[in-house]
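Residue-level listing of the chains:
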Amino acid sequence: PFVPSTATHVLEIGCGEGEFAANLKAQRAVHVTGIEPFASAASVAQSRLDGVLPLDVNPAIAELHGQQFGCIVCNDVLEHLVDPWDTLTRLRPLLAPGGLLVASIPNMRFMPVLKDLVLRGEWRYVDAGVTDRTHLRFFTRKSMQALFEESGYQVVHMRGINSIEWPWKFGLMNWLALGAFNDARFQQYACVVRCGVK
């Protein structure tokens with residue numbers, strides 16, 4: 001729902017096997033190009049997307065020089081990059097005028113992560129989730145906004161996704177803190193941004 005209906009050409013960074021793009025193409029007439037560094041996933045995605053570059057993200061962006069897209073999608077990918085600020089800066093020329101970049105990013109203030117860190121004194125890397133062992137960068141809602149602004153974007157909106165129900169004790173603590181932990185309900189944030197003056 002975050003991909004604008006006006007976008008006829010979409011670029012998906014880290015498209016995997018192309019499931020997101022296949023769902024998008026089933027819902028609307030859209031041309032989707034993907035970037036996927038893992039050869040086996042890129043091979044599967046070839047049958048679902050209109051084009052796939054089986055390269056690391058920055059070399060693939062260079063290959064797309066001169067092309068423009070109405071929307072660029074980064075689903076759970078920026079946290080895997082050594083320098084997401086640099087990659088986001090490189091992506092700006094690929095956005096068509098009025099185009100949007102849509103990203104989902106794990107939220108480090110997610111309540112289960114806070115609980116493990118603050119109450120149990122644990123920081124455990126796992127196979128999937130916010131503390132995925134393949135994540136190189138970690139963000140909160142505030143630092144997500146800073147990431148985009150520092151990379152030359154304006155945030156259109158950010159929405160928490162994949163929420164959980166709080167245990168009553170945490171809900172009470174949040175109420176006593178006047179909602180200071182509202183963002184801790186969300187495992188990820190969907191961020192919609194556009195090019196802005198840096």
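The preceding data block contains the structure.
We now turn to the structure provided with this report. Computed from a prediction, not measured in an experiment: that's the story for all the values here.

Reading guide: rules and limits
- Counting from 1, residues in each chain are numbered in the order their sequence is written.
- Only residues with pLDDT of at least 70 get local features here, since the model is predicted, and only at 80 or more are side-chain atom pairs given and counted; chain-wide, interface and lining totals rely on the full set of residues.
- Side-chain measures here rest on the full set of heavy atoms in the structure, leaving out hydrogens and waters.
- Aromatic pairing here means that ring centres of Phe, Tyr or Trp (its six-membered ring) are within 6.5 Å. Orientation follows from the plane angle: under 30 degrees is stacked, over 60 is edge-to-face, and everything else is tilted.
- Exposed residues in this analysis have more than 50% of their type's maximum accessible area, buried residues have under 20%, and partly exposed residues fall in between, with area computed by a 1.4 Å probe over protein chains only.
- Secondary structure counts use DSSP, requiring at least four H or I residues in a row for a helix and at least two E residues in a row for a strand, with both numbered from the N terminus.
- Strand pairing is assigned whenever DSSP identifies at least 2 bridges connecting the two strands.
- Only C-alpha atoms enter the line fits that serve as axes; for helices the fit covers just the stretch in contact. Angles between N-to-C directions range over 0 to 180 degrees.
- Here a cavity means grid points, on a 1 Å grid over the protein atoms only, where a 1.4 Å probe fits yet cannot get out; a pocket means an open set of points with protein on both sides within 12 Å along at least five of seven lines; lining residues are those with an atom within 4 Å of a point.
- Grid points are joined across faces, edges and corners, and a volume is the space filled by probe spheres set on the points.
- As a working rule, the residues Ala, Val, Leu, Ile, Met, Phe, Trp, Tyr, Cys and Pro are called nonpolar, Asp, Glu, Lys and Arg charged, and the rest polar, with Gly in that last group.
- By nonpolar core is meant a set of buried Ala, Val, Leu, Ile, Met, Phe, Trp, Tyr and Cys residues that side-chain atoms within 4.5 Å join together.
- Note on definitions: a residue-residue contact is assigned when non-hydrogen atoms from the two residues lie within 4.5 Å.
- Counting of polar contacts relies on pairs of N or O atoms within 3.5 Å, with two restrictions inside protein: one atom must be capable of donating a hydrogen and the other of accepting it, and residues adjacent in sequence are counted only when both atoms are side-chain atoms.
- A carboxyl oxygen of Asp or Glu within 4 Å of a side-chain nitrogen of Lys or Arg is what we treat as a salt bridge.

### Observations concerning the packing of aromatic side chains
Using the criterion set out here, one finds 6 aromatic pairs in the structure. When the centroid spacing of 6.0 Å and the interplanar angle of 80° are considered together, the rings of W123 and Y125 count as edge-to-face. Residue W123 is classed as partly exposed on the basis of its relative accessible area, which comes to 36%. Both rings, one in W123 and one in F138, keep their centres 5.5 Å apart while their planes meet at 80°; by these two values the pair is edge-to-face. In this pair, W123 is assigned in the loop between helix 5 (111-119) and helix 6 (141-150) and F138 in the loop between helix 5 and helix 6, connecting sequence segments 15 residues apart.

### Quick word on the sheet that holds strand 4 (residues 69-75)
In space, the 7 strands of this open sheet follow the order 3-2-1-4-5-7-6, with mixed pairing throughout. Looking at which strands have only one partner, the edges of the open sheet turn out to be strand 3 (51-53) and strand 6 (153-163). The sheet shows a mean angle of 15° between the axes of neighbouring strands, taken without regard to direction. In this structure, strand 5 (residues 95-106) lies alongside strand 7 (residues 186-195), joined through 6 bridges in antiparallel fashion. Counterpart to A103 in the pairing with strand 7 is C191.

### Observations regarding the layout of surface pockets
Counted as a void, the largest pocket has a volume near 490 Å³. Along the wall of the largest pocket there are 26 residues; nearest its centre are F38, D76, V77, H80 and L81. Looking at the lining of the largest pocket, the elements with two or more residues in it are helix 3 (57-63) and strand 7. When its residues are assigned to classes, the lining of the largest pocket shows 11 nonpolar, 9 polar and 6 charged. Estimates place the volume of the second largest pocket at around 280 Å³.

### Description of the nonpolar core
Among the nonpolar cores identified, the biggest contains 31 residues, and I72, L78, L91, L101 and F148 are the most heavily contacted of them. Those elements that place two or more of their residues in this core are strand 1 (9-13), helix 3, strand 4, helix 4 (84-91), strand 5, helix 6, strand 6 and strand 7. When residues no more than four places from it in sequence are discounted, the contact partners of I72 are L11, I13, L91, L94, L95, L100, L101 and V102. V10, C15, A42 and V192 belong to the second largest nonpolar core, which has 19 residues in total.

### As for the side chain of S151
Tracing the sequence through the fold places S151 in the loop between helix 6 and strand 6. Here the side chain of S151 touches L147 through a polar contact of 2.8 Å, landing on its backbone oxygen.

### Points about the pattern of salt bridges
Scanning the model with the defined rule gives 5 salt bridges in all. The salt bridge partner of K25 is D50, with a shortest N-O separation of 2.7 Å. With K25 in helix 1 (residues 19-27) and D50 in the loop between helix 2 (39-45) and strand 3, this pair connects stretches of sequence that are 25 residues apart. Residue R124 is joined to E122 by a salt bridge in which the shortest nitrogen-to-oxygen separation is 3.3 Å.

### Some remarks on the environment of H135
Mapping H135 onto the fold places it in the loop between helix 5 and helix 6. A relative accessible area of 8% means that H135 is categorised as buried. In sequence terms H135 and D76 are 59 residues apart; their C-alpha atoms lie 9.7 Å from each other. Apart from residues no more than four positions distant in its own chain, H135 is found in contact with E79, H80, P106, G129 and V130. In terms of polar contacts, H135 uses its side chain to reach the backbone carbonyl oxygen of V130, at 3.0 Å.

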